[in-house]
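# Understanding the architecture of this molecule
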Protein chains: 2
Amino acid sequence: MKGGAAPADPGPVAIICGGGTFPFTVADALIRQGRRVVLFPLSGFADEQAASRYPHYRAHVGQMGRFLRIARREGCRDVVFIGTLVRPAIRELRLDWTTLRLMPRIARIYYGGDDRLISGVGRIFEDFGFRMLGAHEVAPEILVPEGPLGSHSPSPADEADIAQGLAVLRATGDFDIGQAVVVSKNHVLALEAAEGTDGMLERVAALRAAGRIRAPAGQGVLVKAPKPNQDRRFDLPSIGPKTIEGVRRAGLAGIAVVAGETIIAEPQAIVEAADRAGLFVVGIRNSQAVGS
Amino acid sequence: MKGGAAPADPGPVAIICGGGTFPFTVADALIRQGRRVVLFPLSGFADEQAASRYPHYRAHVGQMGRFLRIARREGCRDVVFIGTLVRPAIRELRLDWTTLRLMPRIARIYYGGDDRLISGVGRIFEDFGFRMLGAHEVAPEILVPEGPLGSHSPSPADEADIAQGLAVLRATGDFDIGQAVVVSKNHVLALEAAEGTDGMLERVAALRAAGRIRAPAGQGVLVKAPKPNQDRRFDLPSIGPKTIEGVRRAGLAGIAVVAGETIIAEPQAIVEAADRAGLFVVGIRNSQAVGS
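Note that the structure is a prediction, hence the values are computed from the model and not measured.

Our next topic: the overall build of chain A. Counting its secondary structure elements, chain A contains ten helices and twelve strands. Out of the 292 residues in chain A, the part that is buried amounts to 57%. For chain A, restricting intrachain contacts to residue pairs at least 6 apart in sequence, the fraction spanning at least 24 positions comes to 72%. Entry remark: accessible area of chain A is about 12,600 Å², with carbon and sulfur atoms responsible for 51%.

Printed below as a string of structure tokens:
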């Protein structure tokens, strides 16, 4: 094929895997597209059993040198970083030599907000010649589509709560806080920060159990949206079956997320669980959303 | 004294008492100023034993008619409404006739945010000829003064967290959310909504215990500020010994509140507890603050 027009083999995609099922959803999507993948399940975060179904190399968060060496040897140029990663304490990391040399830079990133952590790490990979891709770029089928996902739709009152939630997220977007808020009858019940979406939903359930929420069960919406300046390659909001369960326990009416900018895990399980619980799950248009 | 210049007796101040010690702090301050007081401890919320030391009439939240009748008979013109009041379920209220007639109006207020609830109720009292006074107007000595309250002061890093916290509260102020935020090393750890300040601090303590907060203990600040459009007659942020205990458990460095716009319960107990725990409590200038 010398001198021909065939594209060079782009090589396998290196998938650095945090927790949850998203890394494998992305891996499967890439394989369906005919790309090869090499997984780097992060010890203590990733599901190593699930990772063992793919070509993979275990890695610790602090082993940048090991990753670079193996990823180059495997011919990877594209890197996807996906999955949950509860921020580890620096003392718990096993730092290799390359990582140690990068420490002054990592430390500066580390003590910034989540956005800075994630896009800062991304820039380090790029300095080493890799191309960071967003999971949504390599596997757009993992994104929430526009419109209701199951058989329920938001009521006009829910629509008002959704608009209020988006306005709140727009206002807090500059501060690298959370990506989620719970609004019921125009009243903000909870705003996510370090506790994460699941923690926030548990809190709403506890407040309701304690009689501290006025509106009756079956009202209120969980609204999630990317931050205005979020680097969508590294960190998109996501929902999974656990989100549905949290919303059900919190006694809300449903979930609104930004279509095309929210990763959905196990869509079939989500739709079934939402339908069973009488909840709506709706992908709203970008133009209504934060950061567009 | 007919025709003389002596001011008319303004009558006693009616103090509608919610929970906590603030109602009695305000009552004592008024008595020291030579004003008479009549307390209306709200059943289920107010400390009735403490109220029994003053002229008082028990009342239920829903007994507007009873309040109006007694307050007029006692010659009250000024009303102060103070103390915590977890929003009761409407079905738990014992509504009297006057209240029932006001219900359409109360219901509209009730399903708004906290601001609307509180200032809406204030307007109803004013329509009946009373003058609503803020606790800070009748007893300015219950407000946090400017500067550090105990023997500790914020570090430059704490000052940066305070500035960040105020910026976050300014951004969320339009939404009738919380009045408090926890910031540590420029990272927003928690933002208050329906759970209240104590609930938010418990959450930060739990996140720290679970290893989900990066910054070591002894860093981070609780920042409280009035909302930009808050009616300061009805609802000022407050701190008490419980706040100190919550901040200590959350592993923070201290508390920043707006001087002159924050009510302090049991200042001596606060200063002693803060000094013992190595925490700062600082009243910051209005010009640095939200809503000024």
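Moving on from the model shown.
Let's shift gears to the nonpolar core. The biggest cluster of nonpolar side chains holds 44 residues, and the ones touching the most others in it are I162 and V181 of chain A together with I162 and V181 of chain B. Once you skip the residues sitting within four places of it in the chain, V181 of chain B turns out to touch G165, V168, L169, V188, A190, L191, M200, V221, L222 and V223 of chain B.

This part is about the sheet that holds strand 10 (residues 254-258) of chain A. Residues and elements named next belong to chain A. Taking strand neighbours across the sheet as the criterion, the six strands line up as 5-12-10-8-6-7 in an open arrangement whose pairing is mixed. Only two strands of the sheet have a single partner each, and these edge strands are strand 5 (147-148) and strand 7 (187-191). The pairing of strand 10 with strand 12 (residues 280-284) spans five bridges and is classified as parallel. The residue bridging V257 from the neighbouring strand is G283, located in strand 12. Against the sheet, helix 9 (residues 241-249) makes contact with strand 8 (221-224), strand 10 and strand 12, and its axis sits at roughly 135° relative to strand 10, the strand it touches most.

The subject of this paragraph is the packing of helix 8 (residues 196-209) of chain B against helix 9 (residues 241-249) of chain B. All names here are of chain B. Relative orientation of the contacting elements helix 8 and helix 9 amounts to 20°, with a least axis distance of 8 Å. Here helix 8 lies roughly parallel to helix 9, going by the angle between them. Handedness of the helix 8/helix 9 crossing: left-handed. Taking contact as the criterion, the partners of D198, L201 and A205 in helix 8 are, on helix 9, K242, T243, G246, V247 and R249. Residues belonging to the contact of helix 8 with helix 9 are distributed by class as follows: three nonpolar, two polar and three charged.

The subject of this paragraph is the packing of aromatic side chains. Residues and elements named next belong to chain A. Using the criterion set out here, one finds ten aromatic pairs over all chains in the structure. Arranged with centres 4.7 Å apart and planes meeting at 70°, the rings of F40 and F67 form a pair that is edge-to-face. Here F40 is found in strand 2 (residues 37-41), whereas its partner F67 is found in helix 3 (residues 64-73), with 27 residues between them in sequence. Given a relative accessible area of 5%, F67 falls into the buried group. With a centroid separation of 5.7 Å and 50° between ring planes, the pair formed by F67 and F130 is classed as tilted. With F67 in helix 3 and F130 in the loop between helix 5 (114-127) and strand 4 (131-133), the pair connects residues that are 63 residues apart, well separated along the chain.

Phi at N186 of chain A takes a positive value of approximately 70°, unusual for a residue other than glycine. Structurally, N186 of chain A is set in the loop between strand 6 (180-184) and strand 7.

All names here are of chain B. When you tally the buried positions in strand 1 (residues 13-17), you get five out of five residues, the bulk of the element. Burial of the side chains of strand 1 extends over both faces: V13, I15 and C17 are buried on one face and A14 and I16 on the other. For the handedness criterion, the β-α-β arrangement of strand 1, helix 1 (residues 22-32) and strand 2 (residues 37-41) is classed as right-handed.

Residues and elements named next belong to chain B. Judged by pairing direction, the sheet is parallel, and its four strands sit side by side in the order 2-1-3-4 without closing on themselves. The two strands at the open ends of the sheet, each matched to only one other strand, are strand 2 and strand 4 (131-133). Neighbour to neighbour, the strand axes of the sheet diverge by 25° on average, direction disregarded. As paired elements, strand 1 and strand 3 (residues 78-82) share five bridges and run parallel to each other. Opposite I15, over in strand 3, you have V80 as the bridge partner. Packing against the sheet, helix 1 makes contact with strand 1, strand 2 and strand 3, and its axis sits at approximately 165° to strand 1.

Side-chain pairing between opposite charges can occur once the charged atoms of the two side chains come close. Scanning the entire structure with this criterion turns up 22 salt bridges over all chains. We note a salt bridge from D78 of chain A to R35 of chain A, for which the minimum N-O separation is 3.2 Å. With D78 of chain A in strand 3 (residues 78-82) and R35 of chain A in the loop between helix 1 (22-32) and strand 2, this pair connects stretches of sequence that are 43 residues apart. Residues E245 of chain B and R249 of chain B are paired through a salt bridge, measuring 3.1 Å at the closest nitrogen-oxygen approach. Of this pair, E245 of chain B and R249 of chain B both sit in helix 9, four residues apart, which is roughly one turn of that helix. In this structure R249 of chain B comes out as exposed when scored by relative accessible area, which is 55%. Where salt bridges share partners, they join R35, R77, D78 and R131 of chain A into one cluster.

On average, residues of chain A score 83 in pLDDT, and 80% of them reach the 70 mark or higher. Taken element by element, the predicted model of chain A shows its lowest mean pLDDT in helix 4 (residues 97-110) of chain A (58) and its highest in strand 8 of chain A (97).

The next subject is the packing of helix 9 of chain A against helix 10 (residues 267-277) of chain A. Residue and element names in this part refer to chain A. Orientation of helix 9 relative to helix 10, taken along the N-to-C sense of each, is 15°, at an axis distance of 8 Å. With respect to each other, helix 9 and helix 10 are oriented roughly parallel. Note that helix 9 runs across helix 10; the crossing there is right-handed. For the pair helix 9 and helix 10, the contacting residues are P241, I244 and R248 in the first and A269, I270, A273, A274 and A277 in the second. Residues of the contact of helix 9 with helix 10, tallied by class, amount to seven nonpolar, no polar and one charged.

Listing the buried residues of helix 1 of chain B in full gives F22, P23, F24, V26, A27, A29 and L30 of chain B. Directly beyond the C-terminal end of helix 1 of chain B, a positive phi value near 90° is found at G34 of chain B.

Glancing now at the pairing of strand 10 of chain A. Regular strands place side chains that alternate from one sheet face to the opposite one. Residues and elements named next belong to chain A. Counted residue by residue, strand 10 has five buried out of five residues, so it is predominantly covered. Burial of the side chains of strand 10 extends over both faces: G254, A256 and V258 are buried on one face and I255 and V257 on the other. Note that strand 8 and strand 10 share three bridges and pair parallel. Paired with V221 across the two strands is G254, which belongs to strand 10.

What counts, and where the lines are drawn
- Every residue gets a number counted from 1 within its own chain, in the order that chain's sequence is written.
- To label them, take the chains in the order written and letter them from A, then take the ligands in the order written and number them from 1.
- Selection of residues for local features in this predicted model requires a pLDDT of at least 70, selection of side-chain atom pairs for listing and counting requires 80 or more, and totals for whole chains, interfaces and linings are taken over all residues.
- To get the side-chain values, all heavy atoms of the structure are used, and hydrogens and water are removed first.
- For helices the rule is a DSSP run of H or I covering at least 4 residues; for strands it is a run of E covering at least 2, with both sets numbered from the N terminus onward.
- Only protein chains enter the area calculation, which uses a 1.4 Å probe; residues under 20% of their type maximum are buried, those over 50% are exposed, and those in between are partly exposed.
- Whether two residues touch is decided by their heavy atoms; if any such pair falls within 4.5 Å, the residues are in contact.
- Here the Shrake-Rupley method, with its probe set to 1.4 Å, supplies the accessible areas, and only the displayed protein chains count as covering residues.
- Think of a nonpolar core as a cluster: buried Ala, Val, Leu, Ile, Met, Phe, Trp, Tyr and Cys residues, connected wherever their side-chain atoms sit within 4.5 Å.
- When DSSP locates at least two bridges between a pair of strands, those strands are taken to pair.
- The axes are straight lines fitted to the C-alpha atoms, using for helices just the contacting stretch, and the angles between their N-to-C directions are given from 0 to 180°.
- For this classification, under 35 degrees means roughly parallel, over 145 means roughly antiparallel, 65 to 115 means roughly perpendicular, and everything else is oblique.
- The crossing is said to be left-handed when, going from far helix to near helix, the turn is anticlockwise and less than a right angle, and right-handed when the turn is clockwise.
- Any residue outside Ala, Val, Leu, Ile, Met, Phe, Trp, Tyr, Cys, Pro, Asp, Glu, Lys and Arg is labelled polar, Gly included; the first ten of those are nonpolar and the last four are charged.
- The criterion for an aromatic pair is that two Phe, Tyr or Trp rings (for Trp, the six-membered ring) have centres within 6.5 Å, with stacked assigned to planes under 30 degrees apart, edge-to-face to planes over 60 apart and tilted to the rest.
- Crossovers are marked right-handed if the path from the first strand over the helix to the second runs clockwise, as seen with the strands pointing away from the viewer.
- Salt bridges, as used here, are contacts in which a Lys or Arg side-chain nitrogen is within 4 Å of a carboxyl oxygen on Asp or Glu.
- The score called pLDDT rates the predictor's confidence residue by residue, from a low of 0 to a high of 100.

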